[in-house]
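Commentary on secondary and tertiary structure
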Amino acid sequence: MPDLRNKEGEPTGAIYGVVNMLRRLREDHSLHQGAQLGAVVFDARGKTFRDDWYPEYKANRASMPDELAAQIEPIHAIVKAMGWPVLVVEGVEADDVIGTLAAQANAQSDKAILVTGDKDLTQLVNELTLWVNTMSRDGRQIEKLDIAGVTEKFGVPPNLIIDYLTLVGDTVDNVPGVEKVGPKTAVKWLTKYGNLDGIVANAASVTGAVGEHLRKALDWLPMGRKLVTVVQDLDLKLHLQDYRADLHLKAEDSETLHPLFERYGMRTFTKQAAQKIAQSGGQVDASAAADAMGSATIAATAPVAVIPPLPEIIYECISTLDQLQQWLHVISHAELTAVDTETTSLDPMQAQMVGISLSIVPGRAAYIPLAHVYPDAPEQLDREQVLEILRPWLEGQQYPKVGQNLKYDQHVFANHGIALSGIVHDTLLQSYVIEAHRNHDLGSLAERHLNRATIAYSDVAGKGASQINFEQVSVEKAAQYSSEDADVTMHLHQTLLPQVLADEGLLRIYREIEIPTALVLQKIERNGVLIDVQVLMQQSQDIGTRLMTLEREAYELAGQPFNLNSPKQIGEIFFERLKLPVIKKTPSGAPSTDEEVLEKLSEDYPLPKLLLEYRGLSKLKSTYTDKLPKMVNPRTGRVHTSYSQAVAITGRLASSDPNLQNIPIRTAEGRRVREAFIAPEGFKIMSADYSQIELRIMAHISGDESLLSAFANGEDVHRATASEIFAIEREAVSSEQRRYAKVINFGLIYGMSAFGLASALNIGRDAAKHYIDRYFARYPGVAQYMQQTRESAKEKGYVETVFGRRLWLPEINSPNGPRRQGAERAAINAPMQGTAADLIKLSMIQVQAWLERERVRSKMIMQVHDELVLEVADDEIELMRTELPRLMAGVAQLKVPLLAEVGVGLNWDQAH
């Protein structure tokens, strides 16, 4: 249960879960199938008849937490107001009430739908009864089981579930099964002997230790079967035939629900209820919650996550196959499992597995050491054997998993031939969508959200030159470190997910964009890109020759040799020898020679211009032409970048090792680097790039009629802008005027001031201000958007993308003028950059899905800003020319059409 609380500190997590489940059930016709009768059944307080049969029944179950008990009464009130009959029958369990009602329905040839997460109730499934779990393991997928579904899931049909449960037992209810008998053995016996009675009849012939355990349990099995059997013939004093009105589903009572939702801090539900009241002509009554609950305390606030109390920590080191099988049983039946790997390298394509850690609840975790090598290292399970045993679970989509940056772990498992599946949650991405401007490493998250100090890597592996590789870390230390990672990940998930669920916008970004994007990125990274090493080597040689020429020319201009990479020597040449003007100073008071200064001085002096070229070429050589050949993976022959999702606050991806997004394209030498990115024989490089995407987003967000009209009519937007600000016919716009308009269009998107525009166009500030004034006069919607955005950002501390991504601006109310102004400029641009980032991610998701669905040979190999780069088979080029822009343009419906332009070539430069 997520620990959410309202403003008054009242717990609300269970309330939220029940409301969300019932809403989902009502809205999805495929679940309720038009049902007219229904009930929400709760357990009553006190003992039941099973306690009389077996005094130890549920003896291990802790008493209901106070936080949950406090929510029972409001849950009942809300459920009733949502139109659901509530049943609480003294002396019996809710399961037996459900079983009896289902049997009554079946007796009348009516279908019954059991909406529950309790798998014991699958024993009730038949031709007329369906088991449904809307609050399934991953919080997203709905699990529906008919007879075939139960059989596939458990290995036995519903009519054998009672026998199955009798054999394996139920630790939650403290019902013993047969010692050492798990699901596999139970299914094996039931398949061989037909049912429990057949197993008992043949108990003498069952060999081995497990046969001994079976014979020891023979006296107990009748009671075990009795305890796990759901009763279907209770005398409820309530029968479907006679009391249809009592069990008839009703419409929601919005007037009662509104103040209840408001009191318990459920903003989205409160808003929906208010809208329904308004639509019916009613008024919101703030006193209704007090009437429903007998309390006048009402608080309107969003749910606030509270750190859950940490239970006793139990970490296990798995060193035997029996332990491994026990944990496999546990994770196979867990609602969600946290997974983490320990490896030999941070390079995901090279890393080899050293160990695996698992956790199903905070406080309990296990570590499987697989490849620790050091003197006197203890015996460990064979890595390949363990991976084969775990393979069905690791590759099973039906086993939901959570992790911290699971994209890395996917690569590690892939290095061992395992396709990790069932990834439904990632704490890194949860944190990122909640607060993109913060750090998202596990240690920072644990400290910030859990108040937990975690073991640092340096604590187990050392620091600096004395640091050892993880395979040399002692198994004992590794078990504590890695188990804690999995444990903390699960603890964080339970804390962060409710915060994501509480906001529709963040939930959409998380579920529909970030999680699917991570899965696509892993495939793109795995694909890699082919590099022509010989081309790069030749470019390095050419650049080296040019650098030597520039060095000689610099000496001549300076009148003496000097170190072109030394700011101190450059400063002496500039300001002491050549007497160049000082543009600005460093914090220490010395004249600055940074790039901005060189740009300014290069307008009038040759040496600063030469140094700019020297620095650009030197960086290009060291970063790309020299380095890329060394980064080719020896196994694949390709370069594999890593894409980070949780870096830029705008949602843009960051590329590293190597960084493929910062290859300079403004110079001829920079563009030439892209010539080395090639396709294999029989393929071509295809580039698809969104056209003027941020301007289109500005038109959509601002709703400015002139901008909308220009895009709708397919006009040249820069020419249209020039026509407006220069007050001339569009046909009369010169190339220089169009260039001015282009600078203004893109500059204002980035919040450019008159000073910035004057500098960019090399014109006076008054002229720049005049152009900006005319721009806003012609595009008043843009001016209004900018003003409203600044005000909203100051009030909220953040802005949002079209899709609901939250972009935080910590300095928006800073007393420091320059910082505040920088945040205001970011507030204007961030929704456009962020929306563009969302769009390209949605495109990646759609394109990858199409590629897999159509089973083509073409594949994505890079994502760079607003561009997708693919390796396309020669016989698929025309298909991809048509489908790629169609897919990219169709990911969202904005007020203006999206346009993706496609290029094809032998290399990336030609395609772009």
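It should be noted that the structure appears before, not after, this text.
Report follows, based on the coordinates. (Residues numbered from 1 in each chain as written. Predicted model: local features only at pLDDT ≥ 70, side-chain atom pairs only at ≥ 80, totals over all residues. Heavy atoms only, no water.)

For any two aromatic rings, the description comes down to two numbers: the centre-to-centre distance and the angle of the planes. Here the structure, examined in full by the defined rule, presents 16 aromatic pairs. Judged by centre distance (4.8 Å) and plane angle (50 degrees), the rings of Y775 and Y779 are tilted. This pair shows no difference in class: Y775 is buried, exactly as Y779 is. An aromatic cluster of three or more residues is present, and its members are Y16, F261 and F269. Over the ring of W53 we find K226, and its NZ or CZ is 4.2 Å from the ring centre. (Phe/Tyr/Trp six-rings, centres within 6.5 Å; stacked < 30°, edge-to-face > 60°. Buried < 20%, exposed > 50% of the residue type's maximum accessible area, 1.4 Å probe, protein only. Lys NZ or Arg CZ within 6 Å of the ring centre and 35° of its normal.)

Relative to the elements of secondary structure, A679 occurs in the loop between strand 18 (677–678) and strand 19 (683–690). Considering only alpha carbons, one finds A679 and E514, 165 residues apart in sequence, at a separation of 29 Å. (Helix = DSSP H or I, 4+ residues; strand = E, 2+ residues; numbered from the N terminus.)

Moving on to the sheet that holds strand 15 (residues 638–639). Pairing within the open sheet is antiparallel, and its three strands lie in the order 15-14-18. Across the chains shown, the open sheet's two edge strands, defined by having one partner strand only, are strand 15 and strand 18. Pairing analysis gives two bridges linking strand 14 (residues 529–531) to strand 18, with the strands arranged antiparallel. Residue pairing in the sheet places L530 in a bridge with I678 of strand 18. (Pairing = 2+ DSSP bridges.)

What follows concerns the pattern of salt bridges. By the definition in use, this model includes 41 salt bridges. Here R391 ties to E395 by a salt bridge, and the two come within 3.0 Å at their closest N and O atoms. Using a relative accessible area of 22% as the deciding quantity, one classes R391 as partly exposed. In this structure, E824 engages K794 in a salt bridge whose closest nitrogen and oxygen atoms are separated by 2.8 Å. On the criterion of sequence distance, the pair formed by E824 in helix 35 (residues 817–854) and K794 in helix 34 (residues 780–796) is long-range, its members being 30 residues apart. (Salt bridge = Lys/Arg side-chain N within 4 Å of Asp/Glu carboxyl O.)

Before going further, it helps to spend a moment on the nonpolar core. Counting residues in each nonpolar core, the largest one holds 154 residues, and the members touching the most others are F574, F677, L839 and M862. Apart from residues lying up to four places away in sequence, F677 is in contact with V529, L530, I531, L628, L660, I663, I685, M862, N907 and W908. Core analysis: the second largest hydrophobic core is formed by 51 residues, I98, V187, W189 and L190 among them. (Core = buried A, V, L, I, M, F, W, Y, C linked by side-chain atoms within 4.5 Å. Contact = heavy atoms within 4.5 Å.)

On to a negative patch on the surface. On the surface, a cluster of negative charge is made up of E595, E599, E603 and D604. Note that E603 resides in the loop between helix 25 (595–601) and helix 26 (606–625). (Patch = residues over 30% accessible without salt bridge, like charges linked within 9 Å, V, L, I, M, F, W, Y side chains within 5 Å. Areas by Shrake-Rupley, 256 points an atom, 1.4 Å probe, with all protein chains shown as cover. Lys, Arg positive; Asp, Glu negative; His and termini not counted. Charge placed at Lys NZ, Arg CZ, Asp CG, Glu CD.)

From the geometry alone we can't say anything about function, so treat these as descriptive.
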